[in-house]
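The chain contents come next:
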Amino acid sequence: MIPIHFFGLALAVAFLCVVFLVWKQARKLGLSEEKVLDTLFLTVIFSLIIGRLAYVYLNPAIFSLDISRAFLFMKYPGISFIPSLLTGIAVSGVLARNSGIATLLIWDVFALPMVFAEVFGLFGCFLDSCVQNISTATFTVLIIGSILWGILLVFISKFIENRAELSEISKKHGLLFLLYLLFQSISLLMLTAQSWLWVIMIASLGVFVVRYSKLLRHVYDSISKKRSGTDRDLS
């Protein structure tokens, strides 16, 4: 019987989804599809390599006796997420700049696909028991949270696109990336209470509030109008 390695399968499915979503976003924004996909492929390669090396380093009980296990990805699955994420952000930013694409724009393009890719990654990791010290309840919350956050990002994108008065906000790149950072910091704080994650979360939230205050005001005004209209109907 051929063994099924869910983590490797999940990563493969996640990669295909990311490629499709990134390609679709690049086409929609009028960006060079070739440059964007080249940036994506190199980013994924470097992120996986660094993430895997970090995982091997942080798990000596598994790999110290036989370093060749580091290359047996299916049999000994696992990637250290934080090093992989930071590598992806850095590499994609450098490659985008060299390709003549705004760094914040490429991060926005990658943000939404990455959220959904993490759903597959978390699910595959859970089935293959990549991480032993995380409870089923925590994994479930993380997976559901990723799905809901992805839906929120889609909703915000459509909300801005469909309102002419918010057209200038769409030109301020970085909205989806900031929300992605906020989501990641909250998710990681559920797993490890490191102080620097609080810094990232607070900084992301602060920059978001300052940079996109008009969006927040518009949402607040819309809610206030609907509430006042409901109150008048009741009276």
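Residues numbered from 1 in each chain as written. Predicted model: local features only at pLDDT ≥ 70, side-chain atom pairs only at ≥ 80, totals over all residues. Heavy atoms only, no water.

Enquirer: Tell me what's going on with the overall build of the chain, and back it up with residues and numbers.
Expert: Each helix and strand counted, the chain has 10 helices and 0 strands in total. Secondary structure of the chain in N-to-C order comes out as α-α-α-α-α-α-α-α-α-α. By the burial criterion, 39% of the 235 residues in the chain qualify as buried. Of the contacts formed within the chain by residues at least 6 apart in sequence, a portion of 70% connects residues at least 24 apart. (Helix = DSSP H or I, 4+ residues; strand = E, 2+ residues; numbered from the N terminus. Buried < 20%, exposed > 50% of the residue type's maximum accessible area, 1.4 Å probe, protein only. Contact = heavy atoms within 4.5 Å.)

Enquirer: For the side chain of glutamate 118, give the residues involved together with the corresponding values.
Expert: Among the structural elements, glutamate 118 can be located in helix α5 (residues 103–128). Salt bridges are absent for the buried glutamate 118, whose nearest opposite-charge side chain, arginine 52, sits at 17 Å. Discounting chain neighbours no more than four positions away, the residues touching glutamate 118 are Phe81, Tyr180, Phe183 and Gln184. (Lys, Arg positive; Asp, Glu negative; His and termini not counted. Salt bridge = Lys/Arg side-chain N within 4 Å of Asp/Glu carboxyl O.)

Enquirer: Please provide a residue-by-residue account of the packing of aromatic side chains, values included.
Expert: If you walk through the whole model with that rule in mind, you get 6 aromatic pairs. With centroids separated by 5.9 Å and ring planes inclined at 40°, the aromatic side chains of phenylalanine 15 and phenylalanine 41 adopt a geometry described as tilted. Linking phenylalanine 15 in helix α1 (residues 6–29) with phenylalanine 41 in helix α2 (residues 33–58), this pair joins segments that are 26 residues apart in sequence. Of the residues examined, phenylalanine 15 reaches a relative accessible area of 30% and is grouped as partly exposed. The class of phenylalanine 41 is partly exposed, set by a relative accessible area of 34%. Each ring, one from phenylalanine 20 and one from tryptophan 23, has its centre 6.1 Å from the other, and the planes form 40°; the classification is tilted. (Phe/Tyr/Trp six-rings, centres within 6.5 Å; stacked < 30°, edge-to-face > 60°.)

Enquirer: Go over the layout of surface pockets with me, naming the residues and quoting the values.
Expert: When its volume is computed, the second largest pocket comes out at roughly 620 Å³. In terms of lining, the second largest pocket is formed by 23 residues, of which the most central are Gln25, Lys28, Ser157, Glu161 and Leu176. Where the lining of the second largest pocket is concerned, the elements lending two or more residues are α1, α5, α6 (136–161), α7 (167–170) and α8 (175–189). Residues belonging to the lining of the second largest pocket are distributed by class as follows: 13 nonpolar, 4 polar and 6 charged. (1 Å grid on protein atoms, 1.4 Å probe; cavity = no way out; pocket = protein on both sides within 12 Å on 5 of 7 lines; lining within 4 Å. Points joined across faces, edges and corners; volume = space filled by probe spheres on them. Nonpolar A, V, L, I, M, F, W, Y, C, P; charged D, E, K, R; others polar.)

Enquirer: So what's going on with the packing of α8 against helix α9 (residues 195–211)? Residues and values would help.
Expert: At a closest axis distance of 9 Å, the pairing of α8 and α9 adopts a crossing angle of 150°. On the basis of their axis angle, the class for α8 and α9 is roughly antiparallel. Crossing hand, α8 versus α9: left-handed. The segment α8 lies against α9, with Leu175, Leu178, Leu179, Leu181, Leu182, Ser185, Ile186, Leu188 and Leu189 engaging Leu197, Trp198, Ile200, Met201, Ser204, Leu205, Val207 and Phe208. For the contact of α8 with α9, the residue count by class is 15 nonpolar, 2 polar and no charged. (Axes fitted to C-alpha atoms, helices over the stretch in contact; angles between N-to-C directions. Parallel < 35°, antiparallel > 145°, perpendicular 65-115°, else oblique. Left-handed = near helix turned anticlockwise from the far one by under 90°.)

Enquirer: Any details on a nonpolar patch on the surface? Residues and values, ideally.
Expert: Taken together, the side chains of Phe6, Leu9, Val13, Phe120, Phe123 and Leu127 make up a nonpolar region of the molecular surface, amounting to roughly 490 Å² of accessible area. Secondary structure elements with two or more residues in the nonpolar patch: α1 and α5. Assignment of secondary structure puts leucine 9 in helix α1. The class of leucine 9 is partly exposed, set by a relative accessible area of 48%. (Patch = residues over 30% accessible without salt bridge, like charges linked within 9 Å, V, L, I, M, F, W, Y side chains within 5 Å. Areas by Shrake-Rupley, 256 points an atom, 1.4 Å probe, with all protein chains shown as cover.)

Enquirer: How would you summarise the nonpolar core if you had to cite specific residues and measurements?
Expert: Within the largest apolar cluster, 46 residues are counted, with the highest numbers of intra-cluster contacts made by Val22, Val36, Leu175 and Leu215. Of all the secondary-structure elements, those providing two or more residues to this core are α1, α2, α4 (81–98), α5, α6, α8 and α9. With 11 residues, the top contributor of residues to this core is α8. Once you skip the residues sitting within four places of it in the chain, valine 22 turns out to touch Val36, Leu37, Leu40, Val109, Phe110 and Pro113. (Core = buried A, V, L, I, M, F, W, Y, C linked by side-chain atoms within 4.5 Å.)

Enquirer: Give me the lowdown on the environment of valine 199, citing residues and values where you can.
Expert: The residue valine 199 is located in helix α9 in this model. In this structure valine 199 comes out as exposed when scored by relative accessible area, which is 55%. The spacing of valine 199 and serine 185 is 14 residues in sequence and 8.9 Å in space, taken between C-alpha atoms.

Keep in mind that these numbers describe shape and distance, not what the molecule does.
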